[in-house]
Amino acid sequence: MKTLHKHTHLCSATFAPKLQFSRQSRARASGVDIRLPVGIHSGPVVGGGVGTSRLAYDYWGDTMNIASRIEGAAEPNGIAVSAATYQQCTGAHDFDPPETIALKGIGDSVIYRTKPALAH
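In short, a report on the structure. (Residues numbered from 1 in each chain as written. Predicted model: local features only at pLDDT ≥ 70, side-chain atom pairs only at ≥ 80, totals over all residues. Heavy atoms only, no water.)

1. Let's talk about the pattern of salt bridges
Moving on, step 1. If you walk through the whole model with that rule in mind, you get 3 salt bridges.
Moving on, step 2. As a salt-bridge pair, arginine 35 and aspartate 33 come within 2.9 Å of each other at their nearest N and O atoms. With respect to class, arginine 35 is no different from aspartate 33; both count as exposed.
Moving on, step 3. Across the pair arginine 113 and glutamate 99 runs a salt bridge whose closest N-O atoms are separated by 2.6 Å. (Salt bridge = Lys/Arg side-chain N within 4 Å of Asp/Glu carboxyl O. Buried < 20%, exposed > 50% of the residue type's maximum accessible area, 1.4 Å probe, protein only.)

See the structure below:
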C-alpha cells in the first residue's frame, strides 16, 4: 500500500475552498442555486476498476464512508474535515473550533469546519 505524504492532505484541504469559489462563480453566472457540501477524511482507501462493458474507477473503504458522512454534516456550501485531516493541515488553514457530532454507522466523531473566508 502506498503511503500518502502530508502534502496530499494539504492539497485536499486547499482544493475544497477553490472548488467552493468556482461553484459560487458558476452559480452567480448561471442564476442556478448550486449547493455543494464538502467532507474530507484522511486514511487508507482501496481503488480499482469496476465493470466490464463500461469501465469506471472507484474507491472503497472506511475512509470513503467517513468522508461521505462528514460531507452530510457539512453546511450546504461548507467544508468540514475529520480530526485526522485537521491534524495534517494544522497551521495551513483556519478552522472553527472542534465539534463532536454523531455520524451514522460510525458514532461520535470530531469534525472541524473551515472559517467562512476560506469557503469564499
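2. Quick look at the packing of aromatic side chains
Moving on, step 1. Counting across every chain of the model gives 4 aromatic pairs.
Moving on, step 2. Measuring from centroid to centroid gives 5.3 Å for tyrosine 86 and phenylalanine 95, while their planes differ by 75°, and the two rings are edge-to-face.
Moving on, step 3. You can call tyrosine 86 partly exposed: its relative accessible area is 23%.
Moving on, step 4. The class of phenylalanine 95 is buried, set by a relative accessible area of 11%.
Moving on, step 5. Taking 3.6 Å as the distance between ring centres and 5° as the angle between the ring planes, the aromatic pair formed by tyrosine 86 and tyrosine 112 counts as stacked. Of the two residues, tyrosine 86 is situated in helix H3 (residues 83-89) and tyrosine 112 in strand E6 (residues 107-113); the sequence distance between them amounts to 26 residues. (Phe/Tyr/Trp six-rings, centres within 6.5 Å; stacked < 30°, edge-to-face > 60°. Helix = DSSP H or I, 4+ residues; strand = E, 2+ residues; numbered from the N terminus.)

3. Brief notes about the sheet that holds strand E1 (residues 38-40)
Moving on, step 1. Judged by pairing direction, the sheet is mixed, and its 4 strands sit side by side in the order E1-E4-E6-E5 without closing on themselves. For this open sheet the edge positions go to E1 and strand E5 (99-103), each flanked by a neighbour on one side alone. Direction aside, the axes of adjacent strands within the sheet are offset by 40° on average.
Moving on, step 2. One ladder, built from 3 bridges, connects strand E4 (residues 79-82) with E6; its direction is antiparallel. Bridge pairing in E6 links alanine 80 to arginine 113.
Moving on, step 3. Packed on one face of the sheet, helix H2 (residues 62-73) meets E1, E4, E5 and E6 and runs near 145° to E1. (Pairing = 2+ DSSP bridges. Axes fitted to C-alpha atoms, helices over the stretch in contact; angles between N-to-C directions. Contact = heavy atoms within 4.5 Å.)

4. Quick word on the pairing of E5
Moving on, step 1. With 5 bridges joining them, E5 and E6 adopt antiparallel strand pairing. Bridge pairing in E6 links glutamate 99 to isoleucine 111.
Moving on, step 2. Connecting the antiparallel pair E5 and E6 is a turn made up of 3 residues, with glycine 105 showing a positive phi of about 80°.

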